[in-house]
Every structure is written in structure tokens, then in C-alpha cells.
Amino acid sequence: MAESTEFSHGDEELVNQPVGYWTWAANKTLSAYVRGRLAAITVTQPQWWVLHQVLHSEAGAATRDEVISAQQANLDVGAGLLPDIDLLVERKLLVSDDSGRLHLTDEGRALHQRAAETQRANRERVHAGISDEDYLITLKVLQRMIRNAGGDLTPSR
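Quick summary incoming for the structure in this document. Keep in mind it's a predicted model, so treat the numbers as computed, not measured. Along each chain, residues carry numbers from 1 onward, in the same order as the chain's sequence is written. Note on the predicted model: pLDDT of at least 70 is required for a residue's local features to be given, and 80 or more for side-chain atom pairs to be given and counted; whole-chain, interface and lining totals, by contrast, use all residues. Side-chain measures here rest on the full set of heavy atoms in the structure, leaving out hydrogens and waters.

## With respect to the pattern of salt bridges
Once the charged atoms of two side chains with opposite charge are near each other, the side chains can pair. Any Lys or Arg side-chain nitrogen located within 4 Å of an Asp or Glu carboxyl oxygen qualifies as a salt bridge. A complete count under the given rule lists 2 salt bridges for this structure. Put simply, D86 and R64 hold a salt bridge, and the shortest N to O gap is 2.4 Å. Of the two residues, D86 sits in helix α5 (residues 82-90) while R64 sits in helix α4 (residues 64-70), which places them 22 residues apart along the sequence. Looking at R64, the relative accessible area reads 27%, which means it is partly exposed. The way it works is that DSSP assigns letters per residue, a run of H or I at least four long becomes a helix, a run of E at least two long becomes a strand, and they are numbered from the N terminus. Residue exposure (1.4 Å probe, protein chains only): buried if accessible area is under 20% of the type maximum, exposed if over 50%, otherwise partly exposed.

Set out below in C-alpha cells:
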């Protein structure tokens, strides 16, 4: 086990800390980290979600509504993705065909690849020193807390 100086409190105090605060602090810190790293390659996190969704949709194409529907659960963005989709089209990273389906351009595919590599590096850094077993336990504990508080764990896709 790591030394207690790595943590904010000793075990006796930490066990009594509110999970709500620590999940909020983790979300705030990790979101800022990921968004900053993506911004360095000229893409926002919602734009990354759009590019990824379009690329991995059936036949590598999706309508605006399909993208929005599929991303509805991502930090409550939903219809807020329309400006991001429009910007990706303006930047010529996405094009719309005659049926209104969005496709990645070559430039869009290249940016998606850079963003995917950035996301892999982000995960490696954030997960450094954390075993898959500890990560799995953490997620299961959080899901149990969500369920205990009346939350729904059903995937929204």
C-alpha cells in the first residue's frame, strides 16, 4: 500500500470523507485534464465524441439526430452537440451526404486518430499505479452507491 502522505487524510479520517465530494473533485480534475489535452490538438471533448460516434456508427455514417441520441448520456450534452457538429462540418472534418448522414473526411479521420491516441495516453497517465483489479473494484463500489441512492445503472444506448 502507498504511504499515507500520498492521500489527503489518514485511513481513519478518509473512511469518513463524503464520497460526493471526492467524486465531484475527481470529475472536475479529470475532465479538465482530458479537455486540456484534447484542446492541445484542436478538438473539444464533445467534438471528439461526435467524431468517434460517426466513425463507429453503422457504415461509418450517422445523422445528427443519431449522434445526439447516442451521446445523450455523456455528461448531459444531448442537443447541445449541434454547435459542435456544425463546427466540425465548417472545419471540413465532417461532410453531410444527400440523405443527411455525416461522414468523416480524410482530415476528420486524421484528427480522430490523433484524438484517439491522446485519449489512450490520457488513460495510461490517469491509471498509472492503479491495477485493473483496483479500478474494477472502484467502479463496482460507485455503481453500488448509485444503486443504493436510487440511481439507474441501465446503459442509455
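Having seen the model, we can carry on.
## As for the sheet that holds strand β3 (residues 102-104)
Pairing is antiparallel across the open sheet formed by 3 strands, whose spatial order is β1-β3-β2. The sheet is open, and its two borders are formed by β1 (61-62) and β2 (94-96), each paired with just one other strand. Contact definition: two residues touch when any of their heavy atoms are within 4.5 Å. Whenever a helix is involved, its axis is fitted only over the stretch in contact; in every case the axis is a line through C-alpha atoms, and angles between N-to-C directions fall within 0 to 180 degrees. Contacts from helix α3 (residues 45-55) reach β1, β2 and β3, with the element oriented near 100° to β3. What makes two strands pair is DSSP finding at least two bridges between them.

## Side note on helix α2 (residues 19-39)
To estimate how far a helix should extend, the number of its residues minus one is multiplied by 1.5 Å. A rise of 1.5 Å per residue sets the reference length of α2, with its 21 residues, at 30 Å; its end C-alpha atoms lie 29 Å apart and thus fit the reference within 8%. Looking at α2, one finds that the buried residues are A25, S31, Y33, V34 and L38. Buried residues in α2 make contact with α3 and α6 (106-126).

## What about the environment of S8?
Positionally, S8 belongs in the segment before α1 (11-14). Judged by its relative accessible area of 44%, S8 falls in the partly exposed class. Apart from the residues lying within four places of it in its own chain, the contact partners of S8 are L14 and W22. Polar contacts, as used here, are pairs of N or O atoms within 3.5 Å; protein pairs need one atom able to donate a hydrogen and one able to accept it. Residues neighboring in sequence count only if both atoms are side-chain atoms. Only 2.6 Å separates the side chain of S8 from the side chain of H9, close enough to count as a polar contact.

## Section: the packing of α3 against α5
Their axes nearest at 9 Å, the elements α3 and α5 cross at an angle of 70°. With respect to their mutual orientation, α3 and α5 come out roughly perpendicular. Contact residues: P46, Q47, V50 and L51 in α3; D84, I85, L87 and L88 in α5. Each residue gets one of three labels, nonpolar for Ala, Val, Leu, Ile, Met, Phe, Trp, Tyr, Cys and Pro, charged for Asp, Glu, Lys and Arg, and polar for the others, Gly among them. Residues of the contact of α3 with α5, tallied by class, amount to 6 nonpolar, 1 polar and 1 charged. Angle categories are assigned with fixed cut-offs, so that under 35 degrees is roughly parallel, over 145 is roughly antiparallel, 65 to 115 is roughly perpendicular, and the rest are oblique.

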